[in-house]
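The primary structure of each chain is shown beneath.
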Amino acid sequence: GPVAWILDLMKSENLSSGDIKSIDVGLDAERLRISDIPEVETKGQAIFSLQYNVSAAIVNMGLTIDDFEDSAIADAEIRAMMKKVKIRHSADCDGQDPKTWLTHAKVETQDGRHFSESFDSLKMVSSSEEQTKGKFFGNMRSRLEESVIIEIWNSIMDLENVQTVSRLTDLISRNFKN
């Protein structure tokens, strides 16, 4: 969705967080109701806040599970970026096919450049197995040993042959580091 598009834009235009003047995201009424949380204090709020997700991704040039820890939620640079992100209702996004999440996004840079895109957020979610594996490993590295991550990944990829889910849940719960 908007996070992926903005990160792609930042990479292709060689932008840093300091280059961003403002971000505007237009959504349907339902997604706006759920994700327009301009001030976050808790992990739950951060997970749903589009302002937080966009800002953390920009500041860190990506978004991982660690971005939802208390220290990240309190990060001054992320909080400053959140003030630049506006989420608004866009009526043309309402009433779309339920399999389509029309989204509009605009970015203005400090030097006056403007970028905008309209896209189906659901289509942007799909990724290759290699991209998914990279995200999974990236999110788990701070919590699990590499050998355990590999074992969990392999179990998930072979889930149809796993006799009981308890093996997978035991592996995760036994090894998860807070």
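In every chain, residue numbers begin from 1 and rise along the written sequence. Confidence filtering applies because this is a predicted model: local features only for residues at pLDDT of at least 70, side-chain atom pairs given and counted only at 80 or more, and all residues used for totals across whole chains, interfaces and linings. The basis for the side-chain values is all heavy atoms of the structure; hydrogens and waters are excluded.

## Comments concerning helix α1 (residues 2-12)
The line we're drawing: The cut-offs for exposure are 20% and 50% of the maximum accessible area for each residue type, with area from a 1.4 Å probe on protein chains only; residues under the lower value are buried, those over the upper are exposed, and the others partly exposed. Comment: elements are numbered from the N terminus, with helices defined as DSSP H or I runs of at least four residues and strands as E runs of at least two.
Turning to α1, its buried residues are Pro 2, Val 3, Trp 5, Ile 6, Leu 7, Leu 9 and Met 10. Backbone geometry just downstream of α1 places Asn 14 in the positive-phi region, at approximately 55°.

## Quick notes on the pattern of salt bridges
This is how it is decided: Should a side-chain nitrogen of Lys or Arg be within 4 Å of a carboxyl oxygen of Asp or Glu, the pair is scored as a salt bridge.
For the structure shown, the criterion picks out nine salt bridges. Between Asp 28 and Arg 31 there is a salt bridge; the shortest N-O distance is 2.5 Å. The residue Glu 39 makes a salt bridge to Arg 79 at a minimum N-O spacing of 4.0 Å. Here Glu 39 is found in the loop between α2 (29-35) and α3 (43-48), whereas its partner Arg 79 is found in helix α6 (residues 76-82), with 40 residues between them in sequence. Salt bridges here are not isolated pairs; linked through shared partners, they connect Glu 13, Asp 111 and Arg 113.

## Some details on the side chain of Thr 109
Which entries qualify depends on this criterion: For the purposes of these results, a polar contact is taken to be a pair of N or O atoms within 3.5 Å, where, inside protein, one atom must be able to donate a hydrogen and its partner to accept one; residues adjacent in sequence count only when each atom of the pair is a side-chain atom. Working rule for contacts: check all heavy atoms of both residues, and any pair within 4.5 Å makes them a contact.
Note on placement: Thr 109 falls in strand β3 (residues 102-109). Within the structure, the side chain of Thr 109 is placed 2.4 Å from the side chain of Asp 111, a separation counted as a polar contact. Apart from residues lying up to four places away in sequence, Thr 109 is in contact with Leu 15, Asp 19, Lys 21 and Phe 115.

## A look at the pairing of strand β4 (residues 114-120)
The line we're drawing: Here the rule is simple: two strands pair whenever DSSP picks up at least two bridges between them.
Across seven bridges, the pairing between β3 and β4 is antiparallel. Note that in β4 the partner of Glu 108 across the bridge is His 114. Where β3 hands over to β4, the hairpin turn is made up of four residues, of which Gly 112 adopts a positive phi near 90°.

## Side note on the side chain of Ser 35
Relative to the assigned elements, Ser 35 resides in helix α2. Ser 35 sits in the buried class, given a relative accessible area of 12%. Other than its neighbours up to four places away in sequence, Ser 35 contacts Leu 27, Phe 48, Ser 49, Leu 50 and Gln 51.

## Looking at the packing of α1 against helix α4 (residues 50-60)
Convention followed: Only the stretch in contact is used when a helix axis is fitted, and all axes are lines through C-alpha atoms; the angle between N-to-C directions ranges over 0 to 180 degrees. In these notes the angle categories are as follows: under 35 degrees is roughly parallel, over 145 is roughly antiparallel, 65 to 115 is roughly perpendicular, and the rest is oblique. By definition, turning the near helix anticlockwise from the far helix through less than a right angle yields a left-handed crossing, and turning it clockwise yields a right-handed one. For this scheme, ten residues count as nonpolar: Ala, Val, Leu, Ile, Met, Phe, Trp, Tyr, Cys and Pro. Four count as charged, namely Asp, Glu, Lys and Arg, and the remainder, Gly too, count as polar.
Between α1 and α4, whose axes approach to 10 Å, the crossing angle comes to 25°. Viewed along their axes, α1 and α4 adopt a mutual orientation that is roughly parallel. Seen from above, α1 lies across α4 with right-handed handedness. For the pair α1 and α4, contact is made by Pro 2, Val 3, Ile 6, Leu 7 and Met 10 and by Leu 50, Asn 53, Val 54, Ala 57 and Ile 58, respectively. When grouped by side-chain class, the residues that make up the contact of α1 with α4 number nine nonpolar, one polar and no charged.

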